[in-house]
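An overview of the molecular structure
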Amino acid sequence: MAPLLEIQQIEVRYGERVVVQDVSFSLEAGEILGIVGESGSGKSTIIKAAMGLLDSRKAVTKGSIYYKGQNVLDASTEDMRKMRGAEMGMIFQNTGASLCPVRSIKDQLYESVAQHEKVSRKEVYQRALQLFDKMRLTDGERILNSYPFELSGGMNQRVGIMLAMILKPDLLFADEPTSALDVTVQAQVIKEMLKMRELYHTGIVIVTHNIGVVEYMADKIAVMHQGRLIEYGKTKDIIYHPKKEYTKKLLGAVLRIDRGRRYAENTGS
């Protein structure tokens, strides 16, 4: 059986400049991959390429991106429109900014689902409330009737998770989903994403500069540096036995609570 997502030696150019070069990795159903690296390393470009969301100045000039065995680079605009949302979901870095400020959450939610299904507003709202309940949010009615500007950044991110998961996509991309949140809300959002994986066996690709986030939730890690994939493997191997000097510096630059104890447990020290 083909992997859920397989990226083979892709190159992305911004005009004449190569911004991603010779990147390959794969993702199985129910697996979580964390893509880490400093700003400008090409992390977000990769997932936007897979979703067909690169702006007109950027283009995939080499390689292939397979979703369930189908090369999405060969898919028509209409095929990609059908895939986005129903097959591939996306949580943006700042969900509040990506929502229309003058329309309620429930109106935007219904429009999103109605593009893929013939469904009543009542059914959509019921499904949303069920998802909020699974995320342990008890005020779903208030959230649905709110406008984005009436919600906190953390609540908007949780709305983003619900919007991405309501169609139960098999693949979820998350682009720096916790970077604008305080530590407490970050933890809640991460747990809610893991809950969605548990419920729907969703494969997740999370892009972040936060090593602690991927250490906690990812099965595999891909390390990007200057547009190249320099290290890729199981989370435990990358965290405790990095091979590349850049990876060691990236890990060393981040304060991770309990790192010493975990290191001892994983190395037998």
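We now turn to the structure provided with this report. (Residues numbered from 1 in each chain as written. Predicted model: local features only at pLDDT ≥ 70, side-chain atom pairs only at ≥ 80, totals over all residues. Heavy atoms only, no water.)

Notes on the overall build of the protein chain
When you go through the protein chain residue by residue, the secondary structure sums to 12 helices and 10 strands. For the protein chain, whose C-alpha radius of gyration is 19 Å, the value lies close to the compact-globule estimate of 18 Å for 269 residues. For the C-alpha atoms alone, the extent of the protein chain along its principal axes is close to 55 × 45 × 35 Å. Every one of the 269 residues in the protein chain was classed for burial, and the buried ones make up 48%. (Helix = DSSP H or I, 4+ residues; strand = E, 2+ residues; numbered from the N terminus. Rg over C-alpha atoms; globule rule 2.2 N^0.38 Å. Buried < 20%, exposed > 50% of the residue type's maximum accessible area, 1.4 Å probe, protein only.)

Here we look at helix H11 (residues 245–252)
Within H11, burial applies to Tyr246, Thr247, Leu250 and Leu251. Taken around the axis of H11, the buried residues stretch over an arc of 135°, which confines them to a single face. Residues of H11 that are exposed and point over 90 degrees away from its buried face: Lys249 and Gly252. (Arc of directions from axis to C-beta.)

Description of the packing of aromatic side chains
A full pass over the atoms with the stated rule returns two aromatic pairs. Judged by centre distance (6.4 Å) and plane angle (50°), the ring pair of Phe25 and Tyr232 falls under tilted. Here Tyr232 lies in strand E10 (residues 228–234) and Phe25 lies in strand E2 (residues 17–27), a separation of 207 residues in the sequence. Accessibility expressed as a relative area gives 6% for Phe25, which makes it buried. What makes Tyr232 partly exposed here is its relative accessible area of 33%. (Phe/Tyr/Trp six-rings, centres within 6.5 Å; stacked < 30°, edge-to-face > 60°.)

Focus on the environment of Gly227
Secondary-structure assignment places Gly227 in the loop between strand E9 (220–225) and E10. Gly227 gets classed as buried once you look at its relative accessible area, which sits at 2%. Taking the C-alpha atoms as reference, Gly227 lies 25 Å from Lys68; in sequence the two are 159 residues apart. Contact partners of Gly227, with chain neighbours within four places excluded, come to Val19, Val20, Gln21, Val23 and Ser41. (Contact = heavy atoms within 4.5 Å.)

So, the side chain of Lys43
Secondary-structure assignment places Lys43 in helix H1 (residues 43–51). Separated by 3.0 Å, the side chain of Lys43 and the backbone oxygen of Gly37 make a polar contact. A polar side-chain atom of Lys43 sits 3.2 Å from the main-chain carbonyl oxygen of Glu38. (Polar contact = N/O pair within 3.5 Å; in protein donor to acceptor, adjacent residues only side chain to side chain.)

A word on the sheet that holds strand E8 (residues 203–207)
Read across the open sheet, the six strands follow the order E6-E7-E8-E3-E9-E10; overall the sheet is mixed. If you trace the sheet from one side to the other, it starts and ends with strand E6 (88–91) and E10, each paired once. Neighbour-to-neighbour, the strand axes of the sheet open up by a mean angle of 15°, direction not taken into account. Looking at chain direction, E9 and E10 are connected through six bridges and run antiparallel. (Pairing = 2+ DSSP bridges. Axes fitted to C-alpha atoms, helices over the stretch in contact; angles between N-to-C directions.)

Thoughts on the pattern of salt bridges
Where side chains of opposite charge bring their charged atoms close, a pairing between them can arise. Enumeration over the complete set of coordinates arrives at 15 salt bridges. When the shortest N-O distance is used, the salt bridge between Arg13 and Glu11 registers 3.1 Å. Overall, the relative accessible area of 6% leaves Glu11 in the buried class. Among the salt bridges present, the one from Lys220 reaches Glu31, with a minimum N-O distance of 3.7 Å. With Lys220 in strand E9 and Glu31 in the loop between E2 and strand E3 (32–36), the pair connects residues that are 189 residues apart, well separated along the chain. The exposure class of Lys220 is partly exposed, given its relative accessible area of 22%. According to the relative accessible area criterion, Glu31 is buried, its value standing at 14%. (Salt bridge = Lys/Arg side-chain N within 4 Å of Asp/Glu carboxyl O.)

Focus: the packing of helix H7 (residues 153–165) against helix H8 (residues 183–200)
Any two packed helices are characterised by how steeply their axes cross, that is the angle between the axes, and by the distance between the axes. Between H7 and H8, whose axes approach to 10 Å, the crossing angle comes to 10°. Relative to H8, the element H7 is oriented roughly parallel. Residues Gly154, Gln157, Arg158, Ile161 and Met165 of H7 form the contact with H8, whose participating residues are Val185, Gln188, Val189, Glu192, Met193, Met196 and Tyr200. For the contact of H7 with H8, the class distribution of residues is seven nonpolar, three polar and two charged. (Parallel < 35°, antiparallel > 145°, perpendicular 65-115°, else oblique. Nonpolar A, V, L, I, M, F, W, Y, C, P; charged D, E, K, R; others polar.)

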